[in-house]
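Examining the three-dimensional arrangement
The primary structure of each chain is shown beneath.
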Amino acid sequence: MDGQDAVLGDGVLYINGGSIDHVLPASAPPPADYLDVTPVETAGTAYPGLIELHNHLPYDILQLWRVPRRFANRSQWGSGSNPDYRRLVTGPMRILGEDPESMPAVARYVEAKALINGTTTSQGIALFSNSGSRRMYRGIVRNVEATDDPELPEAKTRIADVEAADARRFLARLQQPHRLLLHLAEGTDDRARAHFRALEFEPGKWAITENLVGIHCTPLTAEDFQIMVEHGGSMVWSPLSNLLLYGKTADVAAAKAAGTLLGLGSDWSVSGSKGLLGELKAAQLTSAAGGAVFTDRELISMATRNAAKILRWNQSIGSLSPGFHADIVVVRGQDGDPYTSLVAARDTDISLVVINGVARYGMTAIMEELTSDTTRLERLTDHVLADRALNLHHPDADPAVGDLTLADATQRLTDALADIPLLASRVEKTRIARRTEPTPTWRLALDEIAPTGSELRPRLPLPHSSLPSGPVISTVEPAVSSLHPLTLDALTASTDTEFLDTLEAESNLPDSFGAHLRDLLT
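This one's a predicted model, so the numbers in the text were calculated from it and none came from an experiment. (Residues numbered from 1 in each chain as written. Predicted model: local features only at pLDDT ≥ 70, side-chain atom pairs only at ≥ 80, totals over all residues. Heavy atoms only, no water.)

Comments concerning empty space enclosed by the protein
One simple way to see leftover space: roll a probe sized like a water molecule over the atoms. Throughout the structure, instances matching the rule amount to seven cavities of 30 Å³ or more. Considered as a void within the structure, the largest cavity measures approximately 190 Å³ in volume. As for the largest cavity, its lining consists of 18 residues, of which His56, Arg74, Trp77, His183 and Trp268 are closest to the centre. Among the secondary structure elements, those contributing two or more residues to the lining of the largest cavity are helix H1 (74–78) and helix H8 (239–246). The greatest single-element share of the lining of the largest cavity, amounting to four residues, is contributed by H8. In terms of residue class, the lining of the largest cavity is made up of seven nonpolar, five polar and six charged. Of the residues that constitute the lining of the second largest cavity, the class distribution is ten nonpolar, seven polar and three charged. (1 Å grid on protein atoms, 1.4 Å probe; cavity = no way out; pocket = protein on both sides within 12 Å on 5 of 7 lines; lining within 4 Å. Points joined across faces, edges and corners; volume = space filled by probe spheres on them. Helix = DSSP H or I, 4+ residues; strand = E, 2+ residues; numbered from the N terminus. Nonpolar A, V, L, I, M, F, W, Y, C, P; charged D, E, K, R; others polar.)

Thoughts on unusual backbone geometry
For residues that are not glycine, phi is negative in most cases, and the peptide bond is trans in most cases. One non-glycine residue with positive phi stands out, namely Asn356, at about 55°. Structurally, Asn356 is set in the loop between strand E17 (350–355) and strand E18 (358–363). With a phi angle near 60°, Asp387 is a residue other than glycine that sits in the positive phi range. In this structure, Asp387 sits in the loop between strand E19 (377–379) and strand E20 (388–391). Residue classification places Asp387 among the partly exposed residues on the basis of a relative accessible area of 42%. (Buried < 20%, exposed > 50% of the residue type's maximum accessible area, 1.4 Å probe, protein only.)

Section: helix H7 (residues 222–230)
For H7, the complete set of buried residues consists of Asp224, Phe225, Ile227 and Met228. Considered in projection along H7, the buried side chains sweep an arc of 155° and stay on one side of the axis. Lining the buried residues of H7 we find strand E10 (180–184), helix H6 (190–197), strand E12 (205–206), strand E13 (212–216), strand E14 (234–237) and helix H9 (252–258). (Arc of directions from axis to C-beta. Contact = heavy atoms within 4.5 Å.)

Some words on the packing of H6 against H7
Relative orientation of the contacting elements H6 and H7 amounts to 25°, with a least axis distance of 11 Å. Between H6 and H7, the angle falls in the class roughly parallel. With respect to the hand of their crossing, H6 and H7 are arranged in left-handed fashion. Residues Arg193, Phe196 and Arg197 of H6 pack against Glu223, Asp224, Ile227 and Met228 of H7. Its residues assigned to classes, the contact of H6 with H7 shows three nonpolar, no polar and four charged. (Axes fitted to C-alpha atoms, helices over the stretch in contact; angles between N-to-C directions. Parallel < 35°, antiparallel > 145°, perpendicular 65-115°, else oblique. Left-handed = near helix turned anticlockwise from the far one by under 90°.)

Some details on the environment of Leu212
Within the element layout of this structure, Leu212 appears in strand E13. Residue Leu212 is classed as buried on the basis of its relative accessible area, which comes to 1%. Discounting residues that sit within four places of it in the chain, Leu212 has contacts with Phe170, Leu174, Leu180, Leu182, Leu199, Ala207, Gly233 and Ser234.

Concerning the pairing of strand E16 (residues 328–332)
With respect to burial, E16 is a largely interior element, four of its five residues being buried. Where strand E3 (residues 44–48) and E16 come together, five bridges link them in antiparallel fashion. Across the sheet, Thr45 pairs through a bridge with Val331, a residue of E16. As paired strands, E16 and E17 are joined by four bridges and run antiparallel to one another. (Pairing = 2+ DSSP bridges.)

Details of helix H17 (residues 497–505)
Inspection of H17 places Phe499, Leu500, Thr502 and Leu503 among the buried residues, and these make up the whole buried set. Buried residues of H17 fall within an arc of 165° about the axis and therefore sit on the same side.

Side note on the environment of Arg426
With respect to the element layout, Arg426 can be found in helix H16 (residues 420–435). By relative accessible area, Arg426 is classed as partly exposed at 46%.

Quick look at the structure:
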């Protein structure tokens, strides 16, 4: 699939280092530099790697929440009035993020989960040290916030709180050379929409530029989307999370009619898909319910070419073209419409994932052919996925994680979650001591658990008010006595019966949506 949607029925990708050199029909003679190279047969269909523009990655260790009621805005489920949120989400994550054994396990586990679900680019994992330093975790999956590549401009997902609350400072921030992926208008009621309307800081003047990428935008009207497009803004759609929490998602038909550039994100495992493979299916069902809003080709574009265009990466990533970075996902089988095949693909259908020319995950035999040192491969156990292997080796591995295997990370997290009250007591006792340690110790810099001086969304004042717009977020730490043992979320959807049962029972989803999505995932 190239930038013009051309599909090669039987072809060969010639890769040199991290780039695609040539894309040729299988019947064509090999280029001169590849005469002695034997192509590796995948027996599948190759696509650009999937680009996820919204995922709170560290939280992807948590299981799907059985949402107790329909909410109207973000404040209602993420505030101090919701004890489930503190007990099931912020409480456990705060403990795991500070525990020196669990923190690296979280990073390793969620990155492997992304790979297994075909994702080659996502948001990053932020780390914070006892000395006050902040940095991004350096891993295998591309990070939109820290690319280390001049051809891939870095995006930002947080802004300083003073910029978020002042219109002119926020507009000045938008005029800097970075895309800002920020939460915008989360919910369905007037309060949620007011978060968007507050961007009009003077009559006819909007704090929107081509650098504003609004995440969710659930209550926006056709008029609102027209304003977004006129000022250059774009949007990230997370349909499953919206439906689970609010019983409704963004009016994507209106967004499409206005010409909104759309990307896709699974949000997090607490109220979303396990990855983009699942989110594509949720998007397809939502599109069908709205009257076939999108073709399967358009859905795939949201996770490839459109996402790359939003990031300004579209000259380097998002299609399989000569000169582009070799980020590739291969799905087994070569029959039928290729776009429909990728939307329909289960996690068991992913046969290869390549990032920057390096095979990172796939069928064991293919991985062995594409890996010079096969001792670096980690075979998955059959109860996860049979006949699959990971290559998590990185020459510049982040020292916070090092050579931790997925198996060890899984065991650490399984044990920690099963005994989270005991772990909480231990972390609490060592918290003060770690602040004075002379050597840096790192913890997860988790969003909206403790004040950090940064914001995930604009906070411009509401019209005729000095009050900031946007949701009220609770940072109250739950008592240790309120924490209970939890279960680690499985890596894949196809065999996770507990996830599938919960999904089918979710009361805010449209009739039969959960059952239909379950069928598509399995």
